[in-house]
Amino acid sequence: MRRHVILGTGPAGVIAAETLRKHAPGDEIVIVGDEPEPPYSRMAIPYLLVGQIDERGTYLRKDPAHFEQLGVRLRRARAVHVDAPQRQVLLDDGSALPFDTLLVATGSKPVHPPIPGMDLPHVHTCWTLEDARHIQRLAQPGARVLQMGAGFIGCIIMEALAARGVQLTVVEMGDRMVPRMMGPIAGGMIKSWCEGKGVRVYTGTRVEAVDAGTPLSVRLSNGERLSVDLLISATGVKPNIAFLENSGIRCLQGVLTDEHMQTNVPGVYAAGDCAEAFDVASGRTIVSAIQPNAADQAYVAALNMAALDARRPRAVLRGVTQINVLDTLGLVSASFGDWQGVPGGQHVELTDRERHRHLSLQFDGDRLVGCNSVGWTQHVGVMRGLVEGRVSLGPWKDRLLEDPTRLMEAYLARAQAQDRRAVLQ
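Residues numbered from 1 in each chain as written. Predicted model: local features only at pLDDT ≥ 70, side-chain atom pairs only at ≥ 80, totals over all residues. Heavy atoms only, no water.

A. Region of the structure containing the sheet that holds strand β6 (residues 96-98). The strand order across the open sheet built from 3 strands is β4-β5-β6, with neighbouring strands paired in antiparallel fashion. Here the strands that pair on one side only, and so sit at the sheet edges, are β4 (79-83) and β6. Ignoring strand direction, the axes of neighbouring strands in this sheet form an average angle of 25°. Pairing between strand β5 (residues 88-91) and β6: 3 bridges, direction antiparallel. The residue of β6 that forms the bridge with L90 is A96. (Pairing = 2+ DSSP bridges. Helix = DSSP H or I, 4+ residues; strand = E, 2+ residues; numbered from the N terminus. Axes fitted to C-alpha atoms, helices over the stretch in contact; angles between N-to-C directions.)

B. Here's a closer look at the packing of aromatic side chains. Counted according to the given criterion, the structure contains 0 aromatic pairs. A cation over an aromatic ring shows up here: R399 above the ring of W396, its NZ or CZ 4.7 Å from the ring centre. (Phe/Tyr/Trp six-rings, centres within 6.5 Å; stacked < 30°, edge-to-face > 60°. Lys NZ or Arg CZ within 6 Å of the ring centre and 35° of its normal.)

C. Quick peek at unusual backbone geometry. A cis geometry characterises the amide bond from T214 onward to P215, with omega recorded as 10°. Within the element layout of this structure, P215 appears in the loop between β13 (207-211) and β14 (216-220). Phi is positive for R87, close to 55°, though the residue is something other than glycine. As for its placement among the helices and strands, R87 is situated in the loop between β4 and β5.

D. Region of interest: the nonpolar core. Residues L7, V82, L102 and L103 are the most contacted members of the largest nonpolar core, which totals 52 residues. A total of 7 residues in this core trace back to one element, the largest contributor, which is helix α7 (residues 291-306). Contacts of V82, omitting those with residues within four sequence positions, involve L7, Q88, V89, F99, L102, F243, L244, S247 and I249. Within the second largest apolar cluster, 39 residues are counted, among which are L48, V170, I190 and L329. (Core = buried A, V, L, I, M, F, W, Y, C linked by side-chain atoms within 4.5 Å. Buried < 20%, exposed > 50% of the residue type's maximum accessible area, 1.4 Å probe, protein only. Contact = heavy atoms within 4.5 Å.)

On their own, these measurements won't tell you what the molecule is for.
What follows is the structure, encoded as structure tokens:
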């Protein structure tokens, strides 16, 4: 009997444990997590904040006996170091947990900006269920709430706060909203939409200090001072991998993996928001912190962890793609692949500001490699298919340069033809 240790109780960890149990029925499986609640989804927290679900609704598996019935042991602890040569994980309670295979699925953690006053009461992140409890208590209708950060996660939190009826102000250091997902026109369009919905938005602005008091006094870089009842920091996240320092496990931005989700240490794998995997569209390794990619990575890693014969063909991750689809107060936007374009590539944009619609396509040769869209929901699936499938557009590339709204026609003409050729070969 082998022991498989999984660090992290998020979606990647849970999917890996269930996959391992199916393919390694006699092995020992241990999941390590440092929060007191059962494994839950952070992406469900906004739904908790608006009252659509209760805390139990965030749980990844609703049956309290689910993991016990699977024979999967949940252990509450935090990994502080991995001793790869000795094949053991050192935990914060001073114990050592031996392993035959190890999956690092520790996800991300919030970035804490070095701003005076960020440790004061009524200043919170929105990352854990404990955070959510504080926000529910403080974000009552009419409360003055300041949110730092208008990135992808920030916009999701912002929508939940707006639904609670607070007086909401958002401060973003970038020159536009969702700057890592959207270009200037698209990001500016989302800002104007939010302002039209009653949210005050400052871009190109940062919080310089938070002074104690009831309410808090917040000083902005534009010289303004705001009185707020609650400050939420949503300034981004980073892979939770500091405990791997000096472990011998190679990390860049995240834990570097091969196509089997294995690290440079045999038998040690990574999946989810902490993993750095190969991106089909860009041809480089990336951290793609979205749940569908985490699920695929966890499944592939678990299949390979369960394999008894290292010589047998192993599961391979097809790849990941930067995919972001966002609903911001009713305005749907999407970003795929290299949305900023590639050197020497052509691009086309179409903008209808009055209707809050924008479309930007980026090409490398005759392939669509990236795109932004705002308000064009009918094209989301097609854009993803063309980018992920690396579809050769042929003459349709020039037609899209003339009219980028003909994406569906291009997809039907070229992607399906490419699929047919692949089947015939």
